[in-house]
Structure formats: structure tokens, C-alpha cells
Amino acid sequence: MLRLFKWILIVLVLTVGYCWLDQVLPRYDVVRIVGTDTKRLDSSGFFDSEAPNVQATNTRDVRFVNTVYPSGTLRVYRNEDTDWGFPWYYKFDSGNLMAAAQSFQSSTESPKWVVIKSYGWRVTYLTMFPNVLSIRAASAPDEYVIPWMRIFVFGGLAIALIWLYFRLRRFKRERLDPMLTRIENHVSAAADAVDDHAVAVSSRATGFMARIRRWLDSWKPKNQRRYK
């Protein structure tokens, strides 16, 4: 049961870590820009939701870029500065990116494909949008951009976890297992000593009681004695 709990905890930690990194690391999409607009959003911490009441407190205007994948799937991005905060992309040119997005806007008859670099997830039910980091023209709708940052981060973490796993195994084999063996031997020796002492005490008590019974039996007639 403890082993199962350990593996469940490890899988949970790895899953949470992967999801967090997947959310903050940049990704690349080849899309066609179909429009841009600005919405009033309610700042609610990690998630941002649309604010129907313009008098709601802690609201702000957010720029959006509406796009379409070559397959026809829709994708909406937000366009906000990250400033000096986390994640550290130091984005300060959301206004220029909006102008670039408007210049790349095209129709189905004469599409202009662009590569959008962004981070974050698009979750419809939580009103989450990926944030645009850069926009450039694509060579073709099937252009593939190698995500070097993701390769370096996930590859480096995989190597570090493998190294840590073998280091922990070696530490357990060379240090922890011998120590546990010595502790187990000491505990077994102490338990054996306690058992031997208990047997000796029991034997002495049994001998003493036997002598008492013989002494009492000596007072009985010879034909009634148990100990001859």
C-alpha cells in the first residue's frame, strides 16, 4: 500500500510539473488572422473572465487577436504586456503587436499565414486565452517551427530526473540499506535477549513453584502424594 501511494504521489507531482511548464513555455502556431478587437475583462487572479458590468471593480481593457488554423479551427489569443512579471518574457510592445496583427489580417480568398508565438492555454469554460508574444509571416500554411525552448527544458529536466533517480538508488544501496540492516540486526538481537530473559525467568518461576508443590505434597499421606 505504501509503495502504491509513493508511485501515485510521484505521478501526481510529475503531472502537475508538466502541466505548469506546458502552460508557461512558448509554443508556435501557423494561423490566419481574421480580426482584432478589445474587450473589458475582470481581473480575477490567475483566470480572467469577461466582465458584463463595466462598473465592476479591478477591470481592464484587453486586446484580442482572432485567428483560424489551416484546418479551419478557430483560436483566439489575448495580447497583453507581461512587463517585469512572471513569466519573464519582458513583453512591452502589445500595441505594436496589435498593429502587426491588423496588417496581417486577410480573407479566405487571399490568405496570409503567420506564425504566432504564444504561451498559455485556451480553455473555453474558464475564459483562458494564450498570450501573444510575437507575430511574423509564415512561409507556408504547413510550416513547422522547432520548439527549441521546450526541447531544452523538458530534455534537461528528463536528464536531471534520471540522474537523480540513479543517485538516490546508489545512496540507498550504499548508505541506507546497510544502516537499516544494522538497525534490524540490533533490534533482532535485543528481541532475542528479551525472549531469553523471559524464558529464564519463566524457568526459574516454574522450578520454584515445583519445589513449593513438592513441599506441600510431602505433608500428604504417601498414597495421595503426586510427587514420589
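Residues numbered from 1 in each chain as written. Predicted model: local features only at pLDDT ≥ 70, side-chain atom pairs only at ≥ 80, totals over all residues. Heavy atoms only, no water.

Peer 1: I keep staring at helix 1 (residues 2-24) and nothing clicks. Help me out?
Peer 2: Working note: α-helix, 3.6 residues per turn, so residues spaced by three or four point in the same direction. In a regular helix each residue adds 1.5 Å, so 23 residues correspond to 33 Å; helix 1 covers 33 Å between its end C-alpha atoms and thus fits that length. For helix 1, the complete set of buried residues consists of Leu21, Asp22, Gln23 and Val24. (Helix = DSSP H or I, 4+ residues; strand = E, 2+ residues; numbered from the N terminus. Expected span 1.5 Å × (residues − 1). Buried < 20%, exposed > 50% of the residue type's maximum accessible area, 1.4 Å probe, protein only.)

Peer 1: It is not clear to me how the nonpolar core should be interpreted in this structure. Could you clarify?
Peer 2: Grouped burial of nonpolar side chains is what soluble globular proteins tend to show. Membership of the largest hydrophobic core is limited to 12 residues, which are Val31, Ile33, Val65, Tyr69, Tyr77, Leu97, Ala101, Phe104, Val114, Ile116, Val132 and Ile135. Elements supplying a minimum of two residues to this core: strand 1 (27-44), helix 2 (94-103), strand 5 (113-119) and strand 6 (131-137). Grouped together as the second largest cluster of nonpolar side chains are 5 residues, Val30, Trp113, Ala138 and Val145 included. (Core = buried A, V, L, I, M, F, W, Y, C linked by side-chain atoms within 4.5 Å.)

Peer 1: Please clarify how the packing of aromatic side chains should be interpreted in this entry.
Peer 2: Any two aromatic rings considered together are summarised by their centre-to-centre distance and by the angle between their planes. Within the structure shown, the criterion is met by 9 aromatic pairs. Seen from their ring centres, Trp84 and Tyr90 are 5.5 Å apart, and the 65° between their planes marks the pair as edge-to-face. Classification of Trp84 by relative accessible area gives exposed; the value is 65%. Among the residues examined, Tyr90 registers a relative accessible area of 44% and is labelled partly exposed. Ring-pair connections join several aromatic residues into one group, and the members of that group are Trp20, Phe86 and Trp88. (Phe/Tyr/Trp six-rings, centres within 6.5 Å; stacked < 30°, edge-to-face > 60°.)

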